[in-house]
Amino acid sequence: MLDKKLEYILNDSTSGSTEILQALIKFFISHPENLNEVQLKHLRNHFRTFQIIKNFLTELQKYISSKGKGEITDYLKSYLSDTENNLNLIFQNALPYLESKQNIVTISNSKTLLYVLTEYYKIETNLNVTILESRPMFEGRILAEELSKHGIKTNLITEAMTANAVEHSDAVIIGADNILSNGDVINKTGSRNLAIICKYFSKPFYVIADKTKFSMNNKFEKSYQDTKEIWKFPPDKIKIENYYFEKIEAELISKIIHN
């Protein structure tokens with residue numbers, strides 16, 4: 001049976017991949033007895049759409065194979081520290097692209113995005129962020145609440161209002177769950193729509209992500225989720241589709257900013 005804390009991490013469908021990774025590392029620091037080949041294989045399969053977590057699990061397996069578990073806690077603490085340092089590097093690299101931009105549109109919930117925007121707010125106090133609510137799990141509400149706590153002017157809108165928000169923005173900035181080797185980006189459904197509208201209105205479309213989210217392949221398959229998240233009791237003849245992630249083509253992206 002899975003530890004309840006680990007089960008909670010596995011069932012988290014509202015946090016960004018960096019936040020889930022940090023929660024996973026902290027879990028293993030506190031519960032190193034859960035580190036075994038069967039568990040790691042299960043986790044790699046479960047997080048197959050999150051490149052940053054897949055890369056971590058691969059590195060962790062290599063470390064255990066070569067060094068054993070004796071120094072695993074120090075290794076995990078160092079890895080966790082690196083993820084925090086990477087956030088600052090991403091912000092520093094993003095700063096030239098953010099300069100003078102006050103009205104930003106984004107989607108979903110991302111620890112990387114939260115860090116970058118809150119740090120940028122220290123420089124640009126007139127920052128105004130509009131967030132798509134990110135149906136069906138409404139992760140956008142989480143990011144909106146966090147930004148508001150920092151004093152940032154925050155607007156929450158439905159995906160149906162995307163075009164108007166982008167038209168009056170200075171830029172769109174999103175996170176990423178996976179960056180394919182051809183430059184395409186995988187992120188929350190609704191991101192592709194944002195990118196297409198940016199192209200129409202000639203607005204910059206930026207992706208910010210840790211470099212460990214870069215993949216060695218171009219494969220992406222939609223993973224369909226429970227349709228009851230969309231409509232619990234639809235009429236029999238209506239087909240419901242529900243998937244969390246989609247691909248944004250490289251030609252729609254102004255810049256991928258990483259550490």
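Shown above is the structure to which this text applies.
Conventions we followed
Residues numbered from 1 in each chain as written. Predicted model: local features only at pLDDT ≥ 70, side-chain atom pairs only at ≥ 80, totals over all residues. Heavy atoms only, no water. Helix = DSSP H or I, 4+ residues; strand = E, 2+ residues; numbered from the N terminus. Rg over C-alpha atoms; globule rule 2.2 N^0.38 Å. Buried < 20%, exposed > 50% of the residue type's maximum accessible area, 1.4 Å probe, protein only. Areas by Shrake-Rupley, 256 points an atom, 1.4 Å probe, with all protein chains shown as cover. Pairing = 2+ DSSP bridges. Axes fitted to C-alpha atoms, helices over the stretch in contact; angles between N-to-C directions. Contact = heavy atoms within 4.5 Å. Salt bridge = Lys/Arg side-chain N within 4 Å of Asp/Glu carboxyl O. Patch = residues over 30% accessible without salt bridge, like charges linked within 9 Å, V, L, I, M, F, W, Y side chains within 5 Å. Parallel < 35°, antiparallel > 145°, perpendicular 65-115°, else oblique. Left-handed = near helix turned anticlockwise from the far one by under 90°. Nonpolar A, V, L, I, M, F, W, Y, C, P; charged D, E, K, R; others polar.

Engineer: Teacher, can you tell me more about the overall build of the protein chain here?
Structural biologist: Per the secondary structure count, the protein chain includes 9 helices and 9 strands. Whereas a compact globule of 259 residues would reach a radius of gyration of roughly 18 Å, the protein chain reaches 19 Å, a difference of no more than 12%. Structurally, the protein chain occupies a C-alpha span of about 55 × 55 × 35 Å along its principal axes. The buried share of the protein chain, taken over its 259 residues, is 48%. Carbon and sulfur atoms provide 50% of the accessible area of the protein chain, an area that totals close to 13300 Å².

Engineer: Just to check I follow, could you spell out the sheet that holds strand E1 (residues 103-107) for this structure?
Structural biologist: By way of backbone hydrogen bonds, the strands of a sheet pair with one another, either parallel or antiparallel. Overall, parallel pairing links the 6 strands, which are arranged E3-E2-E1-E4-E7-E9 in an open sheet. In this open sheet, the two edge strands, each paired with only one partner strand, are strand E3 (153-157) and strand E9 (255-257). On average, each strand axis in the sheet is inclined to that of its neighbour by 25°, with strand direction left out of account. The sheet contact formed by E1 and strand E4 (residues 171-174) spans 2 bridges and is parallel. Residue valine 105 lies in a different strand from E4, and its bridge partner there is valine 172. Packed onto the sheet, helix H5 (residues 72-98) meets E1, E4, strand E7 (205-208) and E9 and runs at close to 150° relative to E9.

Engineer: It is not clear to me how unusual backbone geometry should be interpreted in this structure. Could you clarify?
Structural biologist: Leave glycine aside and you will find that most residues have negative phi; peptide bonds, for their part, are mostly trans. With an omega dihedral of 5°, the bond running from arginine 135 to proline 136 counts as a cis peptide bond. Locating proline 136 in the fold gives a position in the loop between strand E2 (128-132) and helix H7 (139-149). For serine 202, which is not a glycine, the phi torsion comes out positive at approximately 60°. Looking at the secondary structure, you find serine 202 in the loop between helix H9 (191-201) and E7.

Engineer: I tried to follow the pattern of salt bridges on my own but got confused; where do I start?
Structural biologist: Here the idea is simple: oppositely charged side chains can pair when their charged atoms come close. Evaluated as defined, the whole model comprises 9 salt bridges. Across the salt bridge formed by glutamate 59 and lysine 62, the nearest N and O atoms sit 4.0 Å from each other. In this pair, glutamate 59 and lysine 62 both sit in helix H4 (residues 51-67), 3 residues apart, roughly one turn of the helix. Since its relative accessible area comes to 52%, lysine 62 is described here as exposed. Linking glutamate 249 and arginine 192 is a salt bridge whose minimum nitrogen-to-oxygen distance equals 3.0 Å.

Engineer: I would appreciate a short explanation of the side chain of threonine 130 in the present structure.
Structural biologist: For threonine 130, the position within the fold is in strand E2. Residues contacting threonine 130, with those up to four places away along its chain left out, are Ile104, Val105, Thr106, Asn155, Ile157 and Ala165.

Engineer: What am I meant to see in a nonpolar patch on the surface here?
Structural biologist: Residues Ile230, Trp231 and Ile238 make up a contiguous nonpolar surface patch of about 270 Å² in total accessible area. Along the chain, isoleucine 230 falls in the loop between E7 and strand E8 (245-248). Isoleucine 230 sits in the partly exposed class, given a relative accessible area of 44%.

Engineer: Help me out: how do you make sense of the packing of helix H6 (residues 111-121) against H7 in this one?
Structural biologist: How two helices sit against one another is set out by the angle between their axes and by the gap between those axes. Contact geometry for H6 and H7: axes closest at 11 Å, N-to-C directions at 25°. Accordingly, the angle class assigned to the pair H6 and H7 is roughly parallel. Along this stretch, H6 crosses H7, giving a crossing that reads as right-handed. Contacts from Leu113, Leu114, Leu117 and Thr118 of H6 reach H7 at Leu143, Glu146 and Leu147. For the contact of H6 with H7, the class distribution of residues is 5 nonpolar, 1 polar and 1 charged.

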